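Survey of secondary and tertiary structure
Here's the letter readout for the chains.
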Amino acid sequence: MLEAFVLATATTGLFALAKGVRGGEKFRVDPGLVMASRGERGDDLPCPWCYAPTDERDARCNGCGRVFG
């Protein structure tokens, strides 16, 4: 019986703590950080070294400068 009481109290406390931490925060979105979809950017695969977006016509990565091929 004591174990059930401890379990119920701990569970209730965790839920209350989680709700209190998340509160009523408002998140602002910076439009400059929002990425366009793949079709709008015109990129293909990312660079295998730095994962920067690349285009199939690129001879080298714009991010790290390594040569493809």
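The structure under discussion appears in the preceding block.
Residues numbered from 1 in each chain as written. Predicted model: local features only at pLDDT ≥ 70, side-chain atom pairs only at ≥ 80, totals over all residues. Heavy atoms only, no water.

We now examine a nonpolar patch on the surface. A cluster of nonpolar side chains, namely L2, F5 and V6, defines an oily patch on the protein surface of about 340 Å² accessible area. Among the structural elements, L2 can be located in helix α1 (residues 2–22). Owing to a relative accessible area of 61%, L2 belongs among the exposed residues under this scheme. (Patch = residues over 30% accessible without salt bridge, like charges linked within 9 Å, V, L, I, M, F, W, Y side chains within 5 Å. Areas by Shrake-Rupley, 256 points an atom, 1.4 Å probe, with all protein chains shown as cover. Salt bridge = Lys/Arg side-chain N within 4 Å of Asp/Glu carboxyl O. Helix = DSSP H or I, 4+ residues; strand = E, 2+ residues; numbered from the N terminus. Buried < 20%, exposed > 50% of the residue type's maximum accessible area, 1.4 Å probe, protein only.)

All right, on to the pattern of salt bridges then. Enumeration according to the criterion identifies 1 salt bridge in this entry. R57 is the partner of D55 in a salt bridge, and the nearest nitrogen-oxygen pair spans 3.1 Å. We classify D55 as buried; its relative accessible area is 18%.

This next bit is on unusual backbone geometry. Phi at Y51 takes a positive value of approximately 65°, unusual for a residue other than glycine. Mapped onto the secondary structure, Y51 falls in the segment after α2 (38–41). A relative accessible area of 64% means that Y51 is categorised as exposed.

By the secondary structure assignment, C50 is in the segment after α2. Here C50 falls in the partly exposed class, since its relative accessible area comes to 33%. On a C-alpha basis, the gap between C50 and G65 in space is 9.6 Å, while along the polypeptide they are 15 residues apart. When sequence neighbours within four positions are dropped, the list of residues in contact with C50 reads C61, G63 and C64. (Contact = heavy atoms within 4.5 Å.)

Attention now moves to the packing of aromatic side chains. Counted according to the given criterion, the structure contains 1 aromatic pair. Arranged with centres 6.3 Å apart and planes meeting at 10°, the rings of W49 and F68 form a pair that is stacked. Pair noted here: W49 is in the segment after α2 and F68 is in the segment after α2, with a separation of 19 residues, a long-range link. (Phe/Tyr/Trp six-rings, centres within 6.5 Å; stacked < 30°, edge-to-face > 60°.)

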